[in-house]
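Chain by chain, the residues:
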Protein chains: 2
Amino acid sequence: MSDHTFKPFDQELEALGRRVAEMGGVAEKMLADAMDGLFTFDVDMARRAVASGLLLDTLRRGIEGSAIVTIAREQPVSVDLRECIAALRVASDLVRIGDRTRDIADRAVTIIGEAQSSRAFIGLKSMREVAEKQLKDVLDAYAQRDVVRARAVWFDDADLDALEDSVLRDLLTFMMEDPRNITFCAHLLFCSKNLERIGDHTTNIAETVVWMVSGERMPIERPKTRIASLSIDADRER
Amino acid sequence: MSDHTFKPFDQELEALGRRVAEMGGVAEKMLADAMDGLFTFDVDMARRAVASGLLLDTLRRGIEGSAIVTIAREQPVSVDLRECIAALRVASDLVRIGDRTRDIADRAVTIIGEAQSSRAFIGLKSMREVAEKQLKDVLDAYAQRDVVRARAVWFDDADLDALEDSVLRDLLTFMMEDPRNITFCAHLLFCSKNLERIGDHTTNIAETVVWMVSGERMPIERPKTRIASLSIDADRER
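Since the structure is predicted, the reported quantities are computational estimates derived from the model, not experimental observations.

*Asks:* When you look at the overall build of chain A in this model, what are you seeing that I'm missing?
*Replies:* What chain A contains, in helices and strands, is six helices and zero strands. Along chain A, from the amino end to the carboxyl end, the secondary structure elements read α-α-α-α-α-α. Taken across its 238 residues, chain A has 60% of its residues classed as buried. For chain A, contacts bridging at least 24 residues in sequence account for 83% of all contacts bridging at least 6. Within the structure as shown, chain A displays about 9700 Å² of accessible surface, and the carbon and sulfur contribution to it stands at 52%.

The structure is reproduced here in structure tokens:
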């Protein structure tokens, strides 16, 4: 049913996968820029990250268009259909990772000039390392159709959640120690939440990879998702 | 090209639109439950909101499946194709609204027992009213294919952003006044950010409605999106 002016179906699918991988690369770079911008108070780098957000939106629209045209024209079934739908889903999660990264980058620009305590960055730096590694792993798993690796990413998300709890507690403690830290640390609270959610979207991508390759769904409940109570002994610092 | 066991195309599109509208109703109810749960410290109500999040996921998967099957089978063009893609987009934004609402509901459950100052709720209550009205308006605009109303929602999002700025400032001030407020207010900071983002997704839906009906894209830059500096005179309270 396909017209001879169109690429063969296999090549179309391959091209779609390549574009998703390319988009993943943009998201990775954006995250690195945003975090470097935050930790080094580098406004230009943070602004570069902000600009990448628009690029992600554009790439997603392109992928969405191609995937839908391919589905309409080729009426693929089974694994081929799953590849098309997976491209849509991964692109959507990458845009959401971009949204969260954009928020971090905006904050990096905003906090220049706020009272700064580099102590407050320590936990965030560990979160950043885990989030970046997870994102890299899941994009590799997508590119190589590697279910084992995708599953590993899915299970490791709990590490990022545990780290977030400890970062939140530290930040609240800094706030209690000295009210001049409150504004600065409030921005960092949002940054740590953003990194945790980037981990969630990475986990979504891992689920999509497993489903795309094997047709299998991961269980709906993840080893996670509750809000840390954040209880700190407020009187300790008084 | 359609099989006689299938519904006529028009009816299929109509059914798809109805399911999106139904999903919108679930999102609205979920938001109301989460906010009521938060403001009245009603754990059961908040838990009900949490449960609705799973329902939204299920509804989205169903809509996604139907929209893609419809596109593959009917190969619609022009406004019909836009209706199918709009269903995918709106469902995706509703799931994201559900994610944000879920975070509020989880926090409502968590903060039971934290130090409480109902003063801290005042601004959030105004944000809630605006967010709920916007969501209702955009769902009506979707159901009635009403471009004028959708555009109004798009422009009014700036109100929610302005409200958020003022809520953030108030919450930081409460934190500075008394460190025992810090944990409680930190949760509320996240709630206000969630409401603001719910407004963003509502705005996305407004854009989708305009595009679906008229084929026209709203400008990429909205009248918004920057991070409030949150600067408070920290020494005022010392």
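There's more to say after this.
*Asks:* What is the right way to look at the side chain of B:Thr110 in this model?
*Replies:* Mapping B:Thr110 onto the fold places it in helix H3 (residues 78-110). Here B:Asp106 takes part through its backbone oxygen, which lies 2.7 Å from a polar atom of the side chain of B:Thr110.

*Asks:* How should I be thinking about the pattern of salt bridges in this particular structure?
*Replies:* Pairing is possible between side chains that carry opposite charge, provided their charged atoms lie close to one another. Applying the stated rule across the entire model yields 50 salt bridges over all chains. With a closest N to O distance of 3.0 Å, B:Arg89 and A:Glu64 form a salt bridge. Here B:Arg89 is found in helix H3, whereas its partner A:Glu64 is found in helix H2 (residues 43-74) on a different chain. Close ionic contact of A:Arg151 with A:Glu216 constitutes a salt bridge, the shortest N to O distance being 3.1 Å. With A:Arg151 in helix H5 (residues 147-177) and A:Glu216 in the segment after helix H6 (182-214), the pair connects residues that are 65 residues apart, well separated along the chain. What makes A:Arg151 partly exposed here is its relative accessible area of 28%. With relative accessibility at 40%, the residue A:Glu216 sits in the partly exposed group.

*Asks:* It is not clear to me how H6(A) should be interpreted in this structure. Could you clarify?
*Replies:* Since the α-helix advances by 3.6 residues per turn, residues separated by three or four positions end up pointing in the same direction. All names here are of chain A. When the terminal C-alpha atoms of H6 are compared, their 48 Å separation across 33 residues agrees well with the 48 Å that a helix rising 1.5 Å per residue should span. Taking burial as the measure, the 33 residues of H6 include 31 buried ones, the bulk of the element. In the segment just after H6, Gly215 is the residue with positive phi, at about 75°.

Rules used in this analysis
Residues numbered from 1 in each chain as written. Chains lettered and ligands numbered in written order. Predicted model: local features only at pLDDT ≥ 70, side-chain atom pairs only at ≥ 80, totals over all residues. Heavy atoms only, no water. Helix = DSSP H or I, 4+ residues; strand = E, 2+ residues; numbered from the N terminus. Buried < 20%, exposed > 50% of the residue type's maximum accessible area, 1.4 Å probe, protein only. Contact = heavy atoms within 4.5 Å. Areas by Shrake-Rupley, 256 points an atom, 1.4 Å probe, with all protein chains shown as cover. Polar contact = N/O pair within 3.5 Å; in protein donor to acceptor, adjacent residues only side chain to side chain. Salt bridge = Lys/Arg side-chain N within 4 Å of Asp/Glu carboxyl O. Expected span 1.5 Å × (residues − 1).

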